[in-house]
Amino acid sequence: MDNGFLTEAIRLSVDKMQAGEGGPFGAVIVRCGEIISRGWNMVTSTNDPTAHAEMVAIREACRILETFWLGDCEIYVSCEPCLMCLAAIYWSGIPKVFYAATAEDAAAAGFADAYIYRELANPPAERNLEMLQAQRLEALVAFQLWDEKADKIEY
């Protein structure tokens, strides 16, 4: 772990939040000891609820490296990733996360992390988000076609 990279993520969280770009979160993606991309929370400045620091940094790293697989990178974040960002980290293949503040710290500051963790522990029928399923058989056609596709790029 390189504390300098974590310090940079924390710096971004403070500077960009004070600049009015979003919440107090920052991230850097590192490959072979070099920062590939930086991200900071841009939710309020872009009106994009998915523009969390990690998401911004992942998107930028993938654009720069021209790949969707970041298996040879690490991510340094100012706060433990929320569930959306954690899922994106898994999807991108990043094998290691270094973080400073905890999800509990974010919840204490008023962020919804704890609520979402509690919601996901409930079965779908018991969540506050209404989820209704329909047309499953019609939707399975796409998966069958994907399975048969000879030139698919697996991820």
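Notes on the structure follow. Sequence order sets the numbering: in each chain, residues are counted from 1 along the sequence as written. Per-residue local features of the predicted model are confined to residues with pLDDT of at least 70, and side-chain atom pairs are confined, for both listing and counting, to 80 or more; whole-chain, interface and lining totals are unaffected and use all residues. Side-chain calculation: all heavy atoms of the structure are included, whereas hydrogens and water are not.

We define the nonpolar core as a collection of buried residues of types Ala, Val, Leu, Ile, Met, Phe, Trp, Tyr and Cys that are connected through side-chain atoms lying within 4.5 Å of one another. Burial classes follow relative accessibility: with a 1.4 Å probe on protein chains only, a residue under 20% of its type's maximum area counts as buried, one over 50% as exposed, and anything between as partly exposed. Residues Ala27, Ile29, Ile58, Leu70, Ile75 and Ile94 are the most contacted members of the largest nonpolar core, which totals 21 residues. Looking at this core, the elements that each hand over two or more residues are strand 1 (26–31), helix 3 (53–65), strand 3 (73–79) and helix 4 (83–92). Where helices and strands are cited, they refer to DSSP runs of H or I of at least four residues and of E of at least two residues respectively, numbered from the N terminus. Here the element with the most residues in this core is helix 3; it accounts for 6 residues. Any two residues having at least one pair of non-hydrogen atoms within 4.5 Å are treated as being in contact. Excluding anything up to four places from it in sequence, Ala27 contacts Ala9, Leu12, Ser37, Arg38, Gly39, Ala53, Glu54, Ala57, Ile75, Tyr76 and Val77.

A few words on the sheet that holds strand 1. At least two DSSP bridges between two strands are required for those strands to pair. Strand order in the open sheet formed by 4 strands is 2-1-3-4, with mixed pairing between adjacent strands. Where the open sheet ends on each side, the last strands, each with one partner, are strand 2 (34–40) and strand 4 (97–101). Averaged over all pairs of adjacent strands, the angle between strand axes in this sheet comes to 15 degrees, irrespective of strand direction. Bridging between strand 1 and strand 3 involves 5 bridges; their strand directions are antiparallel. What sits directly across from Val28, in strand 3, is Tyr76. Strands strand 1, strand 2 and strand 3 of the sheet are contacted by helix 3, whose axis makes an angle of about 140 degrees with strand 2. The axes used here are C-alpha line fits, helices contributing only the stretch in contact, and every angle between their N-to-C directions lies in the interval 0 to 180 degrees.

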